[in-house]
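Remarks on the overall topology
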Amino acid sequence: MKRRPPPELPHSRQDVCLGVIAGAHGVAGLVRVQSFAGKAEDIAAYGPLHDVAGTRYSLEVIGRSRGQLLVRIAGVGDRDAATALRGTRLHVPRSVLPAPGDGEYYHTDLIGLHVELRDGSPVGVVASVHNFGAGDLVDVRLAGSRRTVLLPFDAATVLEVDLEAGSMVVDPMPGLLDNHAEGNR
């Protein structure tokens, strides 16, 4: 298999998104946060978080509501201020997080990997990674197309991840890529 250079890591790859503010809760400035940390409450354990513009947020987890964390953010004291933060993605520097274990990856490490089949034929590039509750899915932008396909990120589908080579070898279930053949762009 021909080795490709690893994808370049833009500055933002030095940060890992640990959560997103889902909305306001009540009138006193509390927010609901969807946490992506292994243990949801750990989102506040790594120190202040920041958004893409660099604004820092100090979080205090005070409970749960509707499957999300209830969080007090320093300096946010009313519903209007809390509502204005809806959709804000919360990041930490990668350096404060533990190294992933064997066979574990931060989603940001998978984005940009070249995806190919066992025989080396190209499938596309990982555009994003999602988890809707039933496990991780890699969203692959198909080679030569604007279309994407979701592949399960499991041992049966993803045979190899080589971060140094910038590649991922997959064996998708039969028929999964059929709707994305040359003529269906």
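A look at the overall build of the chain
Helices and strands together make up the secondary structure of the chain, namely 2 helices and 13 strands. When the 185 residues of the chain are sorted by exposure, 38% land in the buried category. Here the contacts in the chain between residues at least 6 apart in sequence split such that 52% fall between residues at least 24 apart.

Observations concerning the sheet that holds strand 11 (residues 148-152)
Read across the sheet, 6 strands follow the order 11-10-9-8-13-12 without closing on themselves; strand pairing throughout is mixed. Each edge of the open sheet is held by one strand with a lone partner, namely strand 11 and strand 12 (158-162). Adjacent strand axes in the sheet meet at a mean angle of 35 degrees when their direction is disregarded. Of the pairings in the sheet, the one linking strand 12 to strand 13 (residues 167-170) comprises 4 bridges and is antiparallel in character. Bridging across to strand 13, Val-161 finds its partner in Met-168.

Regarding unusual backbone geometry
Although it is not a glycine, Arg-66 adopts a positive phi angle of roughly 50 degrees. Examined against the element boundaries, Arg-66 turns out to sit in the loop between strand 5 (59-65) and strand 6 (68-73).

Section: the packing of aromatic side chains
Taken as a whole and assessed by the stated rule, the structure comprises 1 aromatic pair. On the numbers, 6.1 Å between centres and 85 degrees between planes, the contact of Tyr-105 with Phe-153 is edge-to-face. Residue Tyr-105 is located in the loop between strand 7 (89-93) and helix 2 (107-110), and its partner Phe-153 is located in the loop between strand 11 and strand 12; the two are separated by 48 residues in the primary sequence.

Considering the confidence of the model for the chain
Chain-level pLDDT for the chain is 87 on average; 89% of the residues reach the 70-or-more range. The secondary structure element of the chain with the lowest average pLDDT is helix 2, at 88, and the one with the highest is helix 1 (residues 79-84), at 97. Low pLDDT, under 50, characterises residues 1-12; the stretch is placed with 20 contacts to residues that sit more than four places away or in other chains.

A short note on the environment of Leu-137
With respect to the helices, strands and loops of the structure, Leu-137 is situated in strand 10 (residues 136-142). Each C-alpha atom, one on Leu-137 and one on Pro-152, is 4.6 Å from the other, the two residues being 15 residues apart in sequence. Contact partners of Leu-137, with chain neighbours within four places excluded, come to Ser-128, Val-129, His-130, Phe-132, Leu-150, Leu-151, Pro-152 and Phe-153.

Here we look at the side chain of Asp-162
Inspection of the secondary structure puts Asp-162 in strand 12. The exposure class assigned to Asp-162 is buried, which follows from its relative accessible area of 19%. At 3.0 Å, the side chain of Asp-162 forms a polar contact with the backbone nitrogen of Ala-165.

Observations regarding the pattern of salt bridges
All told, the structure shown has 4 salt bridges when counted by the stated rule. One salt bridge in this structure joins Arg-64 and Glu-41, with 3.1 Å as the shortest N-O distance. One end of the pair, Arg-64, is in strand 5; the other, Glu-41, is in the loop between strand 2 (30-35) and strand 3 (49-50), with 23 residues separating them in the sequence. When its relative accessible area of 47% is taken as the criterion, Arg-64 is described as partly exposed.

Overview of the pairing of strand 5
Both faces of the sheet carry side chains from a regular strand, because those side chains alternate between them. As paired strands, strand 5 and strand 6 are joined by 6 bridges and run antiparallel to one another. Bridging from a neighbouring strand, Glu-60 pairs with Arg-72 of strand 6. Taking the residues between adjacent antiparallel strands as the criterion, strand 5 and strand 6 are bridged by 2 residues, where Arg-66 takes a positive phi near 50 degrees.

The rules behind each value
Residues numbered from 1 in each chain as written. Predicted model: local features only at pLDDT ≥ 70, side-chain atom pairs only at ≥ 80, totals over all residues. Heavy atoms only, no water. Helix = DSSP H or I, 4+ residues; strand = E, 2+ residues; numbered from the N terminus. Buried < 20%, exposed > 50% of the residue type's maximum accessible area, 1.4 Å probe, protein only. Contact = heavy atoms within 4.5 Å. Pairing = 2+ DSSP bridges. Axes fitted to C-alpha atoms, helices over the stretch in contact; angles between N-to-C directions. Phe/Tyr/Trp six-rings, centres within 6.5 Å; stacked < 30°, edge-to-face > 60°. pLDDT = per-residue confidence, 0-100. Polar contact = N/O pair within 3.5 Å; in protein donor to acceptor, adjacent residues only side chain to side chain. Salt bridge = Lys/Arg side-chain N within 4 Å of Asp/Glu carboxyl O.

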